[in-house]
Amino acid sequence: MNNQNTTWSILVDKGIVKGDTPLETVNDSPWYIKTLVGFSGWLASIFILGFIALIFKDILDQYLTSSIIGIIFIAGAFVLLKNQKSDFFEHIGLSLSLAGQVLIIYGIVNISNSKEAVIWGALFLMQTSLALIMPNFIHRVLSAFFAAFSFAAWLSVLGMPYLASGLIMFLCAWIWINEFSYPMHHRKVVAIGYGFALSLILIKSPAFFNALSLFSNTEQLTKPWMGETISSCVFLYVVWKLMKPYQKEIPQVAVIVTLIITLIFCIASYEVLGLSSCVMIILLGFSVGNRILIGFGIMSLLIFISSYYYLLEITLLEKSEHLFILGLIFIFLRWVLQQTKIWNKGESNE
Amino acid sequence: MSSNRKYIIDLINQQVIPSDKIKEALTLIYPKRGDWKVFLDNLLLWLGGLSLGVATIFFIAYNWKDIGYFAKFGMLELLLIGAIFVYYKFADHKLIGKVSLVLATLFLGATMALFGQTYQTGADPWQLFFNWSLLMLPWAYISKFPAMWIIWVVLINLTIVLYNQVFGGTFGAFFNSDELTMWLIFCFNSLVLVVWEILSKYRPWLDVRWSVRLLALASGVTLTSLTLNAIFKDNTDLMIAAVVWFSWMGANFYLYQKVKADLFMLTGGCISGIIVISSFVFNSFTKIDVGELFIMSLLVIILGTISSLWLKRLNMGIKS
């Protein structure tokens, strides 16, 4: 509370706000309470599905009907979440929507004769629409997560694996860089940003890389280096954007040197799949003071390092070489940072 | 890092900050150049240390025959001495000392693995992790760094799992081997959690919430799984699991509401409650039909609603 009063005083001094501190604060609950709501909604949706399956067991054999029932469920969930009067209706809305989504997927799987490309494509379109339309934070996080995941699977099935991770990395970066560009839609933007960040961690993991062969049984038109090249470009874009607010204060040469150093890091981490995305999430989190995002990044970094051991593409000796070179580069970059004085100026927030 | 983020966003959402002043208000959230320097310094040091440590472990795990064991031992011992030397030189540095001790711990693990590869002692894998945890203890003690103790806890957990894979059958007449492993993991993590919470009163460096929450998560997840096992499998004693689960829940709700407010722990307790209560009710049905499934969906929604309402009220109380 003291911290809030201090911040309020600073805002008053700068002429941004006037008067006393507002008494009411927005009741935005921490992420773990949101997780509880999402979890119980998901658990309830399983029972709702069973309940619906038993009631409409004859009708569900007609796949079009099951899809229509699913759409009605989602429409009902939309109304409940839009006019959210209490937590009870939020839970019912989430459960109904999740159950409705499964019914639609069930219909699509059967109507398309289990054609993977159609299923993943439809899933991607459905989840993207839901992430944009559904008026609920938790729903948007879940839908954005599944939209990004199904997009990766869809491209893999179409014979273009590895591309999606770079594209999702770009979308994730763009969202967090522009977090405050649309203040009226801030909550929507943040929810979709979290969904993409979570999905990116999964898609960039060595386990997912190993599993890509399960998705793609057609001829592969893309190679891993293509995905990593897009990722490197995105990383450079992020560093450039993060430096932009400081470009008036630091010389042009320093900007160019930083971008060259970033490029060296990108090239060195080419074979260490996923590392650049973990570091990017940490950097983006720090740039907007978002501890949850930093936590995601650190957690994914630790998971990534422990699962890198199991990546089948290269031997342990090669992995060891890559990590050793990267380690030396990191230590060297830190030494360069210590030697340069461009970052020394500028007061600290703490 | 700025801790103003949540408050400024609250003010923007409430439209207390006019739209033309938002950009200016956001400057309180963005880090200054000095913050970036400290942050990048820390990040690069950790990334460098972790990469070198993991690279060494991978190198030893590859078991490269072109290099003799003598050379490998020499290399590892040099790295170990180097890391300890860096700690000795920078013990007072806020970060370098800690990174060098973590690195020394990783090198120690690699040395233990190489020892096993070289002498083919016939020892079981659990001994590697047990010896590793034992030998790193003095470093964990002097580090005054929670992450070092978490590494120690992880090593003991691995030791328990691997030990029971070998000797679990010894107690087969009394316990299911997997369940025994989980009970031991639950007991160990709960014990560490209690000791950690008590000691954090006297050692401020231990009072880091992420580490305590991690321990509580390990303890809670294993106990919830054990209780579910007891509910769904007839061969387990439901009474023991129920007594332990109720005691754990009671202690959790009392301590983290009355003694040391921590909503994360209470949320974990609520999730465990939703899972266990709904599983118990589901298992008590003699047949599963439309009515039962309807009751189940309603029950989960009601439990979730009550939990989130209660937690949000507590959150408001803590805020004010």
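Note that the structure is predicted; figures quoted are calculated from it, not measured. (Residues numbered from 1 in each chain as written. Chains lettered and ligands numbered in written order. Predicted model: local features only at pLDDT ≥ 70, side-chain atom pairs only at ≥ 80, totals over all residues. Heavy atoms only, no water.)

Listed as interface residues are 85 residues of chain B and, on the opposing side, 93 residues of chain A. Of the roughly 8,400 Å² buried between chain B and chain A on both sides combined, carbon and sulfur atoms contribute 71%. Between K312 of chain B and D87 of chain A there is a salt bridge, and its shortest N-O distance comes to 3.0 Å. Between the two partners, chain B and chain A, sit 12 residue pairs in polar contact (both at pLDDT 80 or more). Contributions of two or more residues to the side of chain B that touches chain A are made by α1 (5–13), α2 (22–26), α3 (33–62), α11 (263–284) and α12 (290–319) of chain B. At 23 residues, α3 of chain B tops the list of elements feeding residues into the side of chain B that touches chain A. (Contact = heavy atoms within 4.5 Å. Buried area = accessible area lost by both parts, 1.4 Å probe. Salt bridge = Lys/Arg side-chain N within 4 Å of Asp/Glu carboxyl O. Polar contact = N/O pair within 3.5 Å; in protein donor to acceptor, adjacent residues only side chain to side chain. Helix = DSSP H or I, 4+ residues; strand = E, 2+ residues; numbered from the N terminus.)

Using the criterion set out here, one finds 11 salt bridges over all chains in the structure. In this structure, R5 of chain B and E179 of chain A form a salt bridge, with 2.7 Å as the shortest nitrogen-oxygen distance. With one member in each of two chains, R5 of chain B in helix α1 and E179 of chain A in the loop between α7 (163–177) and α8 (186–203) form a pair that bridges those chains. When its relative accessible area of 10% is taken as the criterion, R5 of chain B is described as buried. Classification of E179 of chain A by relative accessible area gives buried; the value is 1%. Linking R209 of chain B and D207 of chain B is a salt bridge whose minimum nitrogen-to-oxygen distance equals 3.7 Å. We classify R209 of chain B as partly exposed; its relative accessible area is 21%. Three or more residues joined by partner-sharing salt bridges are found here, namely E197, D207, R209, R213, K260 and D262 of chain B. (Buried < 20%, exposed > 50% of the residue type's maximum accessible area, 1.4 Å probe, protein only.)

So, about a nonpolar patch on the surface. Residue and element names in this part refer to chain A. On the surface, Y63, L64, I68, I72, Y106 and I111 cluster together into a nonpolar patch covering about 580 Å² of accessible area. Elements with a contribution of two residues or more to the nonpolar patch: α3 (63–82) and α4 (87–111). It is α3 that provides the largest number of residues to the nonpolar patch, a total of four residues. Tracing the backbone through its elements, the reader meets Y63 in helix α3. Given the relative accessible area of 32%, Y63 is considered partly exposed. (Patch = residues over 30% accessible without salt bridge, like charges linked within 9 Å, V, L, I, M, F, W, Y side chains within 5 Å. Areas by Shrake-Rupley, 256 points an atom, 1.4 Å probe, with all protein chains shown as cover.)

Our focus in this paragraph is the confidence of the model for chain B. All names here are of chain B. Overall, the predicted model of chain B reaches an average pLDDT of 89, with 94% of residues at or above 70. In the model of chain B, α1 stands out as the element of lowest mean pLDDT, 85, in contrast to α11, which has the highest, 96. On the interface metric, ipTM, the complex scores 0.87, and its pTM is 0.88. (pLDDT = per-residue confidence, 0-100.)

Residues F235, L275, M280 and L283 of chain A are the most contacted members of the largest nonpolar core, which totals 157 residues. Among the elements that line this core, the one with the most residues is α3 of chain B, at 11 residues. Non-local contacts of F235 of chain A, meaning those with residues more than four positions away in its chain, are made with M169, T262, F265, C266, S276, V279, M280 and L283 of chain A. Counting residues in hydrophobic clusters, the runner-up holds 17 residues, among them V17 of chain A together with I17, I22 and L28 of chain B. (Core = buried A, V, L, I, M, F, W, Y, C linked by side-chain atoms within 4.5 Å.)

It is worth spelling out unusual backbone geometry at this point. Residue and element names in this part refer to chain B. Notably, N63 is not glycine yet its phi reads approximately 55°, a positive angle. Note that N63 resides in the loop between α3 and α4 (69–89). A residue is classified by how much of its surface remains accessible, and N63, at 24% relative accessible area, is partly exposed. Even without a glycine there, the phi angle at K144 is positive, about 50°. Position of K144 among the secondary structure elements: in the loop between α6 (125–143) and α7 (146–167).

For the rest of this paragraph, the subject is the confidence of the model for chain A. Mean pLDDT over chain A stands at 86; residues scoring 70 or higher make up 93%. Averaged over each element, pLDDT in chain A is lowest for helix α9 (residues 206–215) of chain A (68) and highest for helix α5 (residues 116–133) of chain A (94).

Quick look at the packing of α5 of chain A against helix α6 (residues 137–157) of chain A now. Residue and element names in this part refer to chain A. Closest axis-to-axis distance for the α5/α6 pair is 8 Å, and the angle between their directions is 155°. As the angle between them shows, α5 and α6 are arranged roughly antiparallel. Where α5 crosses over α6, the handedness of that crossing is left-handed. Facing α5, whose interface residues are E116, A117, W120, G121, L123, F124, Q127, T128, L130, A131, L132 and I133, α6 presents H139, R140, S143, A144, F146, A147, F149, S150, F151, A153, W154 and V157. Along the lines of polarity and charge, the residues of the contact of α5 with α6 split into 16 nonpolar, six polar and two charged. (Axes fitted to C-alpha atoms, helices over the stretch in contact; angles between N-to-C directions. Parallel < 35°, antiparallel > 145°, perpendicular 65-115°, else oblique. Left-handed = near helix turned anticlockwise from the far one by under 90°. Nonpolar A, V, L, I, M, F, W, Y, C, P; charged D, E, K, R; others polar.)

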